[in-house]
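Examining the three-dimensional arrangement
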Amino acid sequence: MSAQQPKFETQTQVDFVVIGAGAAGGIIAKELSTAGFQVVVLEQGPYLKEKDFDHDEIKHFWQAALINDWKKQPNSFRKTPKAKATVQPAVMYGRMVGGGTAHFTANYWRFHEIDFVERSKLGTISGTGFDDWPITYAELEPYYTKAEWELGISGQPGPFDPPRSKPYPLPPLPIKSAGALLANGARKLGWHPQPAPMAILSQPYRGRSACSHCGFCEGYGCEIKAKSSTLATVIPEAEKTGRCEIRSGSYVRKIETDNAGRVTGVIYFDEKKTEIFQRAKAVVLCANGAETARLLLISKSNLFPNGLANSSGVVGKYLMFNGGGFATGVFEHELNEFKSVAVTRIIHDFYDSDPKRGFYGGGGLDARFDVYPIGYALGALPRETPRWGADYKKALKQYYTRSMFTFGHTTSLPVERNSISLDPEAKDSWGLPAMRVTYKDHPDDLKIMKFFSDRGMELLDAAGATKRWAGPVEESTFGVHLLGTCRMGNDPKRSVVNKYHRAHDLANLFICDGSSFVTSGRGQPTCTIQALAYRASDHIIRMAKNGEIKSA
Ligand SMILES: Cc1cc2nc3c(=O)[nH]c(=O)nc-3n(C[C@H](O)[C@H](O)[C@H](O)COP(=O)(O)OP(=O)(O)OC[C@H]3O[C@@H](n4cnc5c(N)ncnc54)[C@H](O)[C@@H]3O)c2cc1C
Ligand code: SF4
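Right, let's walk through the structure included here.

What about helix H1 (residues 23-34)?
Because the α-helix completes a turn every 3.6 residues, residues three or four places apart line up on one side. With twelve residues, H1 should cover 16 Å at 1.5 Å per step; its first-to-last C-alpha distance of 17 Å lies within 8% of that length. Most of H1 sits out of view: eleven of its twelve residues are buried. For H1, the set of buried residues is Ala23, Ala24, Gly25, Gly26, Ile27, Ile28, Ala29, Lys30, Glu31, Leu32 and Ser33. One or two steps after H1, the chain reaches Gly36, where phi turns positive at roughly 105°.

Looking at the environment of Lys240
Along the chain, the position of Lys240 falls in helix H7 (residues 234-240). Counting along the chain gives 62 residues from Lys240 to Asn302, while the straight-line C-alpha distance between them is 41 Å.

A closer look at the pattern of salt bridges
If you walk through the whole model with that rule in mind, you get 37 salt bridges. Of the charged contacts in the structure, one is a salt bridge between Lys146 and Glu31, with a shortest N-O distance of 2.9 Å. Within this pair, whereas Lys146 is found in helix H5 (residues 137-151), its partner Glu31 is found in helix H1, the two being separated by 115 residues in sequence. Look at Lys146 and you get partly exposed, because its relative accessible area is 27%.

Comments concerning the site of ligand 1
The environment of ligand 1 is made up of 34 residues, and the closest members are Glu43, Asn107, Val252, Gly514 and Thr526. Measuring from an oxygen atom of ligand 1, one finds a side-chain N or O atom of Glu43 at 2.7 Å. Measuring from an oxygen atom of ligand 1, one finds a side-chain N or O atom of Gln44 at 3.0 Å. Here ligand 1, which alone exposes 1000 Å², has 95% of that area covered by the protein. Breaking the shell around ligand 1 down by element, the ones donating at least two residues are H1, strand E7 (251-257), helix H8 (288-298) and helix H12 (526-545).

A few points about the sheet that holds strand E12 (residues 363-368)
Here six strands make up an open sheet; going across it, the order is E5-E11-E12-E13-E10-E16 and the pairing antiparallel. Among the strands making up the open sheet, the edge pair consists of strand E5 (193-195) and strand E16 (467-470). Put simply, the sheet's adjacent strands are angled 25° from each other on average, direction ignored. Pairing analysis gives eight bridges linking strand E10 (residues 323-330) to strand E13 (residues 403-410), with the strands arranged antiparallel.

A short note on the packing of H5 against H12
Remark: H5 packs on H12, axes separated minimally by 8 Å, with the N-to-C direction vectors making an angle of 105°. When the interaxial angle is binned, H5 and H12 end up roughly perpendicular. Taken together, the residues of H12 that come into contact with H5 (itself represented by Glu139, Leu140, Tyr143, Tyr144, Lys146, Ala147, Glu150 and Leu151) are Cys527, Thr528, Gln530, Ala531, Leu532, Tyr534, Arg535 and Asp538. Taken together, the residues that form the contact of H5 with H12 break down as nine nonpolar, two polar and five charged.

Structural notes on the state of the cysteines
Tallying each qualifying case throughout the model produces zero disulfides. The cysteine Cys286 is free of any disulfide, with Cys512 supplying the nearest cysteine sulfur at 5.8 Å. Residue classification places Cys286 among the buried residues on the basis of a relative accessible area of 6%.

A few points about the side chain of Ser340
Positionally, Ser340 belongs in the loop between E10 and strand E11 (345-347). Within polar-contact distance, the side chain of Ser340 engages the side chain of His213 at 2.7 Å.

Observations concerning the packing of aromatic side chains
The final tally for this structure, using the stated rule, is 28 aromatic pairs. Measuring from ring centre to ring centre gives 5.6 Å for Phe216 and Tyr372, while their planes differ by 15°; the resulting arrangement is stacked. Of the two residues, Phe216 is situated in the loop between E5 and H7 and Tyr372 in the loop between E12 and helix H9 (373-379); the sequence distance between them amounts to 156 residues. The exposure class assigned to Phe216 is partly exposed, which follows from its relative accessible area of 25%. Assessed through its relative accessible area of 10%, Tyr372 is described here as buried. Taking the centre distance of 5.2 Å and the plane angle of 40° together, the rings of Phe369 and Phe405 count as tilted. In this pair, Phe369 is assigned in the loop between E12 and H9 and Phe405 in strand E13, connecting sequence segments 36 residues apart. Here Phe369 falls in the buried class, since its relative accessible area comes to 5%.

Thoughts on the site of ligand 2
Near ligand 2, the surroundings consist of Ile200, Cys211, Ser212, His213, Cys214, Gly215, Phe216, Cys217, Cys222, Ile224, Lys227 and Ser340. Of the residues in the shell around ligand 2, the class split is seven nonpolar, four polar and one charged.

What counts, and at which threshold
- Residues numbered from 1 in each chain as written.
- Chains lettered and ligands numbered in written order.
- Predicted model: local features only at pLDDT ≥ 70, side-chain atom pairs only at ≥ 80, totals over all residues.
- Heavy atoms only, no water.
- Helix = DSSP H or I, 4+ residues; strand = E, 2+ residues; numbered from the N terminus.
- Expected span 1.5 Å × (residues − 1).
- Buried < 20%, exposed > 50% of the residue type's maximum accessible area, 1.4 Å probe, protein only.
- Salt bridge = Lys/Arg side-chain N within 4 Å of Asp/Glu carboxyl O.
- Near = heavy atom within 4 Å.
- Polar contact = N/O pair within 3.5 Å; in protein donor to acceptor, adjacent residues only side chain to side chain.
- Areas by Shrake-Rupley, 256 points an atom, 1.4 Å probe, with all protein chains shown as cover.
- Pairing = 2+ DSSP bridges.
- Axes fitted to C-alpha atoms, helices over the stretch in contact; angles between N-to-C directions.
- Parallel < 35°, antiparallel > 145°, perpendicular 65-115°, else oblique.
- Contact = heavy atoms within 4.5 Å.
- Nonpolar A, V, L, I, M, F, W, Y, C, P; charged D, E, K, R; others polar.
- Disulfide = S-S within 2.5 Å.
- Phe/Tyr/Trp six-rings, centres within 6.5 Å; stacked < 30°, edge-to-face > 60°.

Next up, the structure:
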């Protein structure tokens, strides 16, 4: 805890409790405390600092150093509601102060104008909840700009980018081998490569160092604050106000309400598993698209028997993961892609859905090599290479330095049966119902993945790969983009929150994180999650100042 942090008594009715100190929660905590409100942030994970981060691959990828630990908080998974779910990892997210932004890859793409109005432009899609958002790109644009400037984003607009009111605050990061090959290959094919917008500093910014290109970026915390996480940016700002307490190791198990249906506070477990009740005038739930829905369902009561904020029955439904279409290429010369950040160039030529393709979907393409030595040795070599002895070593040496992937980030349609619900049997280490994930990609989601895998193969060919192969196109059983489970909308019967992120059912409950999404965009949701968080904060502050939030 920093010196500036207050320590609120739990019986004090603070103005706001924010649940989750991640991409959205960090911003909301900073905005509300800066506006003069008392804020307690309850975060289940630890409060790690730069000095706590290291480059230990086993710790990060096998021992859940920065992410949710499936041994303590198991998930179950099934493809369809009729199938029996089996306990297996199904979602991954950053479980610490900073949430996903502490360890993410840091791709930071704005949505395009079309993302908010696709249903009006393309029509309905049978078997889905495909819909327009209740807000437009123009309404969100000032908040995209605010996020880019407050957090520190490096980039340069490309030909397909939506309009912007200000340039990026920082120039793009230096191009890497995979970026250069992507750009060369793309130009040969008549496509339009552009620098990747990244939440990583290309130059020193607001007292933080520029990226030193250490190479342990995706999946790791940044030791020099060059990754523009909420941990390195807005959370310290919130603390400086002297009105924001970050209470880490605090696992919220219920949002409490009174008989009049108003939120009174939250019950959480502290690190010793003691239950504590924190009173609050209002709660802002920012626990991500998976845990937010789970917590609302767990928070059921006599007054809210289907879970909190769930009179529509929509809580947990329309889960979207974003898809991926992959290809791998090997080149004659060394690329040494293990250095620096993951991505430096992208292509948005195929962003929009094109009816000529015969199915719905679009996406963006990047080039990267985001696999570390142990992971690579265990699972990323070409299938025919030996797995033991001198030839195995030779293959590792040859391929590790000369390979790159193309990664198409694609749309997922909002399908009602794809959902977060409570497992009837499995429990977590605190005795709470485990998260049950039901997910089966819409056929169009698989078609767009294949489309991007094919474009990747074309690109690798044009870039001069000596060997290339397409990644498998398979139904998703695991997600890191957790979107859509408490969708925004104007109709309380078909959505969970209104356009200002206020729950339709409870005047002093706000929900803002990946769960608010109506459609999935084309991967890289964090830029939009954070723009939404700035926008939601403005409206919550306005309502609180006007006396429109009626607390218990
Ligand atoms: C390996 C990896 C790479 C990624 N790379 C990118 C990328 O390049 N670009 C991109 O846009 N996105 C990326 N993402 C996704 C990105 O991290 C998420 O979309 C984003 O962080 C979600 O923001 P959020 O505010 O919804 O939730 P989060 O950032 O997940 O924050 C939620 C917080 O709430 C806490 N919490 C949950 N439940 C409780 C509870 N009951 N009590 C208390 N606290 C709770 C969690 O511990 C967490 O800290 C990546 C994700 C992963 C896993
Ligand atoms: S590559 Fe740069 S931003 Fe990423 S962890 Fe290393 S220094 Fe930080």
